[in-house]
Amino acid sequence: MLKFNNETHQYYFEIPSVSAILRATVFKDKYKNVPEHILQAAADFGTAIHDAIERDNDIFLDDIQKEKFKEYQEIKKEHNIKIVAQEQMVYYDGEVKYAGRYDMLAEINGELTLIDIKTTYALDKEYISYQLSFYAMALEKMGYPPKKLAPIWLPKRKKGKLVYVDRVPNERLLEVLREYETNSK
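This report concerns the structure included in the present document.

Residue position: Thr 113 is located in strand β5 (residues 111-118). Note on Thr 113: relative accessible area 0%, which makes it buried. In this structure the side chain of Thr 113 is engaged in a polar contact, spanning 3.0 Å, whose partner is the backbone oxygen of Glu 111. Among all residues touching Thr 113, those that are not within four sequence positions of it are Met 104, Leu 105, Ala 106, Ile 108, Lys 148, Leu 149, Ala 150 and Tyr 164.

In structure tokens, the structure reads:
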């Protein structure tokens, strides 16, 4: 959708994020019955861990977060994860445009792997598969196709682990994009 900013006198296109597309299509009711204060607390916990991983420093974390950061470091060492890039924006310039920010692109055993850090109570592999597949489709178009998709799951009450998820085919992703475009008009 074309928008205009009165202050700068500039036109721009509003581009939906991957999470906005997924919330409006495949996962409409994902957090429907979860109170806002619980969602915010979980977001704060996850954001702190994401920031520490990006900085590679746990100085601002509480004890539980420090434990999760340590688990991340153990997973990184165990799987010989070599970080290529972190917190980078991707943009898909196709029939329907979208953008997003992935957590990590890394080499694991010589294979380019797209990684998402998750601190959720339960690991929703289907959601993560869609999310990472959208990022992967954008990366392909940008010339950096990942071979594998994997969340690093760091839940509060369980031991963290690296888990591989399947790639959603591009044809299905394009269907979701068309559904989003149709419903957002």
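By way of backbone hydrogen bonds, the strands of a sheet pair with one another, either parallel or antiparallel. With mixed pairing, the 5 strands of this open sheet are ordered in space as β3-β4-β5-β6-β7. Across the chains shown, the open sheet's two edge strands, defined by having one partner strand only, are β3 (81-92) and β7 (161-162). Where β3 meets strand β4 (residues 98-108), 10 bridges bridge the pair, whose relative direction is antiparallel. Bridge pairing in β4 links Val 90 to Gly 100. Where helix α4 (residues 125-141) meets the sheet, it contacts β3, β4, β5 and β6 (148-153), and its direction lies at approximately 135° from that of β5.

Moving on, we get to the layout of surface pockets. By volume, the largest pocket is sized at about 1,200 Å³. In terms of lining, the largest pocket is formed by 38 residues, of which the most central are Tyr 31, Ala 42, Ala 43, Lys 118 and Thr 120. For the lining of the largest pocket, the secondary structure elements donating two or more residues are α1 (18-24), α2 (36-55), β4, β5 and α4. Considering each element in turn, the lining of the largest pocket owes the most residues, 10 residues, to α2. Its residues placed into classes, the lining of the largest pocket shows 18 nonpolar, 10 polar and 10 charged.

The full count for this structure, using the stated rule, is 10 salt bridges. Ionic pairing is found between Lys 118 and Asp 116, a salt bridge with its closest N-O pair at 3.0 Å. Judged by its relative accessible area of 14%, Lys 118 falls in the buried class.

We now examine helix α5 (residues 170-183). The end-to-end C-alpha separation of α5 is 20 Å, in line with the 20 Å expected for 14 residues at 1.5 Å each. Here α5 has its buried residues at Leu 173, Val 176, Leu 177 and Tyr 180. For α5, the angular spread of the buried residues around the axis is 100°, confining them to a single face. Turned more than 90 degrees from where α5 packs its buried face, Glu 171 and Thr 182 sit exposed. For α5, the elements touching its buried residues are α1, β3, β4 and α4.

Turning our eyes to something else, we now look at the packing of α4 against α5. The interhelical angle for the contact between α4 and α5, taken along N-to-C directions, is 100°, at an axis separation of 10 Å. By the angle between their axes, α4 is roughly perpendicular relative to α5. In contact with Tyr 130, Ser 133, Phe 134, Met 137 and Glu 140 of α4, α5 contributes Asn 170, Arg 172, Leu 173, Leu 174, Val 176 and Leu 177. Its residues placed into classes, the contact of α4 with α5 shows 7 nonpolar, 2 polar and 2 charged.

Counted according to the given criterion, the structure contains 6 aromatic pairs. With a centroid separation of 5.0 Å and 70° between ring planes, the pair formed by Phe 27 and Tyr 127 is classed as edge-to-face. With a gap of 100 residues between them, Phe 27 in the loop between α1 and α2 and Tyr 127 in helix α4 connect regions that are remote in the sequence. Centroid distance Phe 69 to Tyr 72: 6.2 Å. Interplanar angle 40°. Geometry classified as tilted. Taken together, the residues span about one helical turn, with Phe 69 and Tyr 72 both in helix α3 (residues 63-78) at a distance of 3 residues. Accessibility expressed as a relative area gives 3% for Phe 69, which makes it buried. For Tyr 72, a relative accessible area of 1% corresponds to the buried category. These aromatic residues form a ring-pair network of at least three members: Phe 27, Tyr 127 and Tyr 130. Across the ring face of Tyr 92, the terminal group of Lys 141 is positioned such that the distance to the ring centre comes to 4.9 Å.

Parameters at a glance
Residues numbered from 1 in each chain as written. Predicted model: local features only at pLDDT ≥ 70, side-chain atom pairs only at ≥ 80, totals over all residues. Heavy atoms only, no water. Helix = DSSP H or I, 4+ residues; strand = E, 2+ residues; numbered from the N terminus. Buried < 20%, exposed > 50% of the residue type's maximum accessible area, 1.4 Å probe, protein only. Polar contact = N/O pair within 3.5 Å; in protein donor to acceptor, adjacent residues only side chain to side chain. Contact = heavy atoms within 4.5 Å. Pairing = 2+ DSSP bridges. Axes fitted to C-alpha atoms, helices over the stretch in contact; angles between N-to-C directions. 1 Å grid on protein atoms, 1.4 Å probe; cavity = no way out; pocket = protein on both sides within 12 Å on 5 of 7 lines; lining within 4 Å. Points joined across faces, edges and corners; volume = space filled by probe spheres on them. Nonpolar A, V, L, I, M, F, W, Y, C, P; charged D, E, K, R; others polar. Salt bridge = Lys/Arg side-chain N within 4 Å of Asp/Glu carboxyl O. Expected span 1.5 Å × (residues − 1). Arc of directions from axis to C-beta. Parallel < 35°, antiparallel > 145°, perpendicular 65-115°, else oblique. Phe/Tyr/Trp six-rings, centres within 6.5 Å; stacked < 30°, edge-to-face > 60°. Lys NZ or Arg CZ within 6 Å of the ring centre and 35° of its normal.

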